[in-house]
Amino acid sequence: TSSSSNDDLKRDLKSELNPLTLSEQLYQDHPMSPQSASLSAALADLDTQLKAVYQERQEILAGTHKELLEETKVLKERYEQRLNLANDQRVYHLIEVEATFKSDIQRAWDGYYAGRAKLRDNVLRARLEREKRMDLLTNESLRTRIQRKR
């Protein structure tokens, strides 16, 4: 049984790669000859259909089948559209990232200038406070001297 199933498998693979005519297959499987002309015509018609299916299969495998070419063209157009959309999105995102980067740099400079101005104001305020204290001290010491002289 194992060798007969192997033979069947080999015969099926061989028929897929190089199909026999339907009438030849029927004759191999059932060794009897067709009795009537209508059976012969039906077998010939089926044999023609089988050859057409085999030819179509070969065209599909070769990549030359008309329907396959049309559908491949549609798929390629969709691919091109998606590729263009992805490219447009990439460009948009790059522009967005560049704008964000420039904004971040501007914010950093603004923070720097604001901090520098605040620091300058604080230093000036501290200087003025020291000057006021110095003036007060000098004024007090002058008053004290004046009062002593009196």
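Here is a short report on the structure shown in this document.

Rules used throughout
Residues numbered from 1 in each chain as written. Predicted model: local features only at pLDDT ≥ 70, side-chain atom pairs only at ≥ 80, totals over all residues. Heavy atoms only, no water. Patch = residues over 30% accessible without salt bridge, like charges linked within 9 Å, V, L, I, M, F, W, Y side chains within 5 Å. Areas by Shrake-Rupley, 256 points an atom, 1.4 Å probe, with all protein chains shown as cover. Salt bridge = Lys/Arg side-chain N within 4 Å of Asp/Glu carboxyl O. Helix = DSSP H or I, 4+ residues; strand = E, 2+ residues; numbered from the N terminus. Buried < 20%, exposed > 50% of the residue type's maximum accessible area, 1.4 Å probe, protein only. Expected span 1.5 Å × (residues − 1). Phe/Tyr/Trp six-rings, centres within 6.5 Å; stacked < 30°, edge-to-face > 60°. Lys, Arg positive; Asp, Glu negative; His and termini not counted. Charge placed at Lys NZ, Arg CZ, Asp CG, Glu CD.

**A word on a nonpolar patch on the surface**
So, step 1. On the surface, Phe 101, Ile 105, Trp 109, Tyr 112 and Tyr 113 cluster together to form a nonpolar patch covering roughly 540 Å² of accessible area.
So, step 2. One can find Ile 105 in helix 4 (residues 66-149).
So, step 3. Note on Ile 105: relative accessible area 36%, which makes it partly exposed.

**Brief notes about helix 3 (residues 37-62)**
So, step 1. Taking 1.5 Å of rise per residue, the 26 residues of helix 3 would be expected to cover 38 Å, and the 37 Å separating its terminal C-alpha atoms lies within 8% of that figure.
So, step 2. Where helix 3 ends, the next residue or the one after it, Gly 63, has phi of about 85 degrees, a positive value.

**Describing the packing of aromatic side chains**
So, step 1. A full pass over the atoms with the stated rule returns 3 aromatic pairs.
So, step 2. Site record: aromatic cluster; members linked through ring pairs are Trp 109, Tyr 112 and Tyr 113.

**What to know about the pattern of salt bridges**
So, step 1. Taken as a whole and judged by the stated rule, the model has 5 salt bridges.
So, step 2. With its nearest N and O atoms 4.0 Å apart, the salt bridge here joins Lys 76 to Glu 80. A residue pair is termed a helical-turn pair when its members lie 3 or 4 positions apart in one helix, as Lys 76 and Glu 80 do in helix 4 at 4 residues.
So, step 3. The exposed category is assigned to Lys 76, whose relative accessible area is 51%.
So, step 4. Glu 80 sits in the partly exposed class, given a relative accessible area of 32%.

**So, a negative patch on the surface**
So, step 1. A surface patch of negative charge is lined by Glu 56, Glu 67, Glu 70 and Glu 71.
So, step 2. Sort the elements by how many residues they give to the negative patch and helix 4 lands first, with 3 residues.
So, step 3. Following the sequence through the fold, Glu 70 ends up in helix 4.

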